[in-house]
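# Descriptive structure summary
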Amino acid sequence: MEELVRFGVSISAQLLEQFDRLISRKGYVNRSEAIRDLIRKHLVEHEWEQGDKETLGTLTLVYNHHVRDLPDRLEDLQHDHYHRIISTMHVHVDEQNCLEVMVLRGRPAEIRAVSDSILNVKGVKHGQLVMTSKGQGLD
Ligand code: NI
C-alpha cells in the first residue's frame, strides 16, 4: 500500500461547517475521502484540459425536437463526427423535449471542438460537457 501523508489545512470555521454539511449530505463518512475526491477531480480536469492524450467526455443536451431542422442538424453533426462520438443515448422526455447523452473520445481539444459545434446549434436549450479520463494514477 502507498504511504499516506497527513497535512494540516487552515480554513474559516464557517466554510468548514458548510463543507461538513455538504459532504454529510453526499454520504461521505469523513473529510479525508471528500478532500481526496476533490483533489482527484481537480487533477482530472487539469489533465483533461492540458493533455494531448486520448481521453473521454460526455455531452448532455436538451432540445425541443419541434424546432424546425434541429433534429436533422444534430444528426448530421453526429455523422460528421462519427470518429469522435462513439455512442449516443436519446430520451424522449415529454411531448416536446429530447435529452441526449453522447460519449466522445479523442484529444481534449478535439472533444471540446465537437462539443462546442453541437452546443452552438440554435435551439439547443441546455447542454454541458463533462470531462473524464481513464484514470491512470488516481487510485
Ligand atoms: Ni426524442
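Everything numeric in this text was worked out from a predicted model, so none of it was measured. (Residues numbered from 1 in each chain as written. Predicted model: local features only at pLDDT ≥ 70, side-chain atom pairs only at ≥ 80, totals over all residues. Heavy atoms only, no water.)

### Details of the nonpolar core
Defined as follows: Definition used in this section: a nonpolar core is a set of buried Ala, Val, Leu, Ile, Met, Phe, Trp, Tyr and Cys residues joined via side-chain atoms within 4.5 Å. Three exposure classes are used, based on accessible area relative to the maximum for each residue type with a 1.4 Å probe and protein chains only: buried under 20%, partly exposed in between, and exposed over 50%. Only DSSP runs of H or I covering at least 4 residues are called helices, and only runs of E covering at least 2 are called strands; the numbering of each starts at the N terminus. Pairs of residues are marked as contacts when any of their non-hydrogen atoms sit within 4.5 Å.
L59, L61, L74, M102, L104 and I118 are the most contacted members of the largest nonpolar core, which has 17 residues in total. Within the residue set of this core, elements represented by two or more residues are strand 1 (55-64), helix 3 (70-80), strand 3 (97-106), helix 4 (108-119) and strand 4 (124-132). The contact partners of L59, leaving out residues within four places of it in the chain, are E100, V101, M102, L104, S115, I118, L119, Q128 and L129.

### A word on the side chain of N64
Our working definition: Each polar contact in these results corresponds to two N or O atoms within 3.5 Å; when the atoms are within protein, one needs to be able to donate a hydrogen and the other to accept it, and residues that are neighboring in sequence are counted only if both atoms are side-chain atoms.
The residue N64 is located in strand 1 in this model. Since its relative accessible area comes to 18%, N64 is described here as buried. For N64, the side chain forms a polar contact with the main-chain nitrogen of H66, separated by 2.8 Å. Not counting the four nearest positions on each side in its chain, N64 is found in contact with L70, Q96, N97, G123 and K125.

### Examining the domain arrangement of the chain
Heads up, the rule is: Each domain span listed reflects an automatic or database assignment of domains. By convention, the term buried area covers the 1.4 Å-probe accessible surface removed from two parts as they join, with the contributions of both added. We define a salt bridge as a contact between a side-chain nitrogen of Lys or Arg and a carboxyl oxygen of Asp or Glu at a distance within 4 Å. Three residue categories are used. Nonpolar comprises Ala, Val, Leu, Ile, Met, Phe, Trp, Tyr, Cys and Pro, charged comprises Asp, Glu, Lys and Arg, and polar comprises the others, including Gly.
Each assigned domain of the chain is listed with its residue range as follows: domain 1 (13-50) and domain 2 (55-132). Computed over C-alpha atoms, the centres of domain 1 and domain 2 are 29 Å apart. Contacts between the two partners involve four residues from domain 1 and, on the opposite side, eight residues from domain 2. Of the roughly 540 Å² buried between domain 1 and domain 2, counting both surfaces, carbon and sulfur atoms make up 71%. In terms of surface lost to domain 2, no three residues of domain 1 exceed V44, W48 and E49, which account for 88% of the buried area on that side. In this assembly, domain 1 and domain 2 are joined by zero salt bridges. In this structure, the connection of domain 1 to domain 2 is made through zero residue pairs in polar contact (both at pLDDT 80 or more). Tallied by class, residues from the side of domain 1 that touches domain 2 come to two nonpolar, no polar and two charged.

### Describing the coordination of the nickel ion
Where we set the bar: The donor definition counts N, O and S atoms within 2.8 Å of each metal and applies 3.2 Å to Na, K and Ca; water is not among these atoms, so some sites may look incomplete.
Protein coordination at the nickel ion comes from H90 (NE2), H92 (ND1) and C98 (SG), with a distance range of 2.0 to 2.4 Å. All donors to the nickel ion come from one chain, and their sequence spacing reads H-x1-H-x5-C. According to the relative accessible area criterion, H90 is partly exposed, its value standing at 31%. According to the relative accessible area criterion, C98 is buried, its value standing at 4%.

### Some remarks on the sheet that holds strand 2 (residues 85-92)
For the record, the criterion: For two strands to be treated as a pair, DSSP must find no fewer than two bridges joining them. The convention used is that axes are lines fitted to C-alpha atoms, helices contributing only their stretch in contact, and that angles between N-to-C directions extend from 0 to 180 degrees.
Taking strand neighbours across the sheet as the criterion, the four strands line up as 2-3-1-4 in an open arrangement whose pairing is antiparallel. Two strands close off the open sheet at either side, each with one partner strand: strand 2 and strand 4. The average angle at which neighbouring strand axes cross in this sheet is 15°, direction not considered. Contacts between helix 3 and the sheet are confined to strand 1, strand 2, strand 3 and strand 4, with strand 1 contributing the most and set at about 170° to the helix.

### Section: the pairing of strand 3
Within a regular strand, side chains alternate between the sheet's two faces. Pairing of strand 1 with strand 3, which is carried by 10 bridges, proceeds in the antiparallel orientation. Bridge pairing in strand 3 places N64 opposite N97. By the bridge criterion, seven bridges tie strand 2 to strand 3 in an arrangement that is antiparallel. For I85, the partnering residue across the bridge sits in strand 3 and is L104.

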